[in-house]
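One letter stands for each residue in the lines below.
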Amino acid sequence: MPTLQRLLAVLFTAVLLSACGSAEKTDQLLPTLQGPERWHDLRTFSLEPVRAKGHRLDLEPSVNLALRKALEAKGYRYQADNADIRVLYAFGLSAQAAINQRPVVSSQGTYTRTEINQEQQARLALRLTDAQDNILLDVAGSRTLQHPDLSQEAFDQAAQRLFNEVPRATP
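Note that the coordinates shown come from a computational prediction; the quantities given were computed from them, not determined experimentally. (Residues numbered from 1 in each chain as written. Predicted model: local features only at pLDDT ≥ 70, side-chain atom pairs only at ≥ 80, totals over all residues. Heavy atoms only, no water.)

A.B. asks: Just give me the short version of the overall build of the chain, but keep the residues and values in it.
C.D. replies: Tallying secondary structure elements over the chain gives three helices and five strands in all. Reading the chain from its N end, one meets helices and strands in the order α-β-α-β-β-β-β-α. Accessible surface computed for the chain: about 10300 Å², of which carbon and sulfur atoms make up 52%. (Helix = DSSP H or I, 4+ residues; strand = E, 2+ residues; numbered from the N terminus. Areas by Shrake-Rupley, 256 points an atom, 1.4 Å probe, with all protein chains shown as cover.)

A.B. asks: Quick rundown of the side chain of Asp130? Include the residues and the values.
C.D. replies: Inspection of the secondary structure assignment puts Asp130 in strand S4 (residues 109-130). One buried charge, Asp130, has no salt-bridge partner; the nearest side chain with opposite charge is Arg86, at 9.4 Å. In this view, Asp130 contacts Leu42, Asp84, Ile135 and Leu137; residues no more than four positions away in its chain are not counted. (Buried < 20%, exposed > 50% of the residue type's maximum accessible area, 1.4 Å probe, protein only. Lys, Arg positive; Asp, Glu negative; His and termini not counted. Salt bridge = Lys/Arg side-chain N within 4 Å of Asp/Glu carboxyl O. Contact = heavy atoms within 4.5 Å.)

A.B. asks: Which residues make up the packing of aromatic side chains, and what values do they have?
C.D. replies: Throughout the structure, instances matching the rule amount to two aromatic pairs. Ring geometry for Phe45 against Tyr78: centres 5.6 Å apart, planes inclined by 70°, an arrangement best described as edge-to-face. Taken together, the residues span a long stretch of sequence, with Phe45 in strand S1 (residues 44-49) and Tyr78 in strand S2 (residues 77-78) at a distance of 33 residues. On the numbers, 5.6 Å between centres and 75° between planes, the contact of Phe91 with Phe155 is edge-to-face. Remark: Phe155 occurs in helix H3 (residues 152-162) and Phe91 occurs in strand S3 (residues 85-106); sequence separation between them is 64 residues. Judged on exposure class, the residue Phe91 and its partner Phe155 are both buried. (Phe/Tyr/Trp six-rings, centres within 6.5 Å; stacked < 30°, edge-to-face > 60°.)

A.B. asks: Please give an account of the environment of Arg127 that cites residues and values.
C.D. replies: Relative to the assigned elements, Arg127 resides in strand S4. Residues Arg127 and Glu48, spaced 79 residues apart in sequence, show a C-alpha to C-alpha distance of 10.0 Å.

A.B. asks: Just give me the short version of the nonpolar core, but keep the residues and values in it.
C.D. replies: A general trend in soluble globular proteins is that nonpolar side chains are found buried together. The biggest cluster of nonpolar side chains holds 27 residues, and the ones touching the most others in it are Ile85, Val87, Phe91, Leu126, Leu128 and Phe163. Within the residue set of this core, elements represented by two or more residues are S1, helix H2 (60-73), S3, S4 and H3. (Core = buried A, V, L, I, M, F, W, Y, C linked by side-chain atoms within 4.5 Å.)

A.B. asks: Go over H2, please, and point to the residues and values.
C.D. replies: Here H2 contains 14 residues, and its C-alpha end-to-end distance of 20 Å stays within 8% of the 20 Å for a straight helix at 1.5 Å per residue. Restricting attention to buried positions, one finds in H2 the residues Glu60, Ser62, Val63, Ala66, Leu67, Ala70 and Leu71. Buried residues of H2, seen end-on, are gathered within an arc of 165° and therefore sit on one face of the element. Residues of H2 that are buried make contact with S1, S3, S4 and H3. One or two residues past the end of H2 sits Gly75, with phi positive at roughly 100°. (Expected span 1.5 Å × (residues − 1). Arc of directions from axis to C-beta.)

A.B. asks: Provide a residue-level description of the environment of Ala80, including the pertinent values.
C.D. replies: Tracing the chain through its elements places Ala80 in the loop between S2 and S3. In this structure Ala80 comes out as partly exposed when scored by relative accessible area, which is 49%. Expressed as a C-alpha distance, the spacing of Ala80 and Phe45, which sit 35 residues apart in the sequence, is 7.5 Å.

Note that all results are geometric; they support no functional claim without further evidence.
See the structure below:
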């Protein structure tokens, strides 16, 4: 891989990972086009997973399908090479220790039972750029879910919500 492409891959990995830590939109790192004209003449998209630490290769086809369906529903057409829009995403699952406390009533009174469990946490971060000039189109956001439902339907619904603000493609 040429040096410039490696540098860009490292930069996007860092940007996506920093987006994972916050649900807020962070547009300060790349120049951003403003207004509806930023999507004018954009009709095709490609999907590029960023395989950072924690990325689940086994779930990549489900995430790809969900993202693809959501953008196709907006009128965009998938094109693996030379697409107008690059959709960069990072997806991962991690186990987190969770402490649950609940009251228990017994014949001797009420006490608090503390349980320590492992909970799954899923995180998806998206960044959409104009592939021609690398201008940031949108940071669709970062979403963290406790006890994620890993069904295709759940992935589809999450992708639709993340692309709510993406305008429809112009014919």
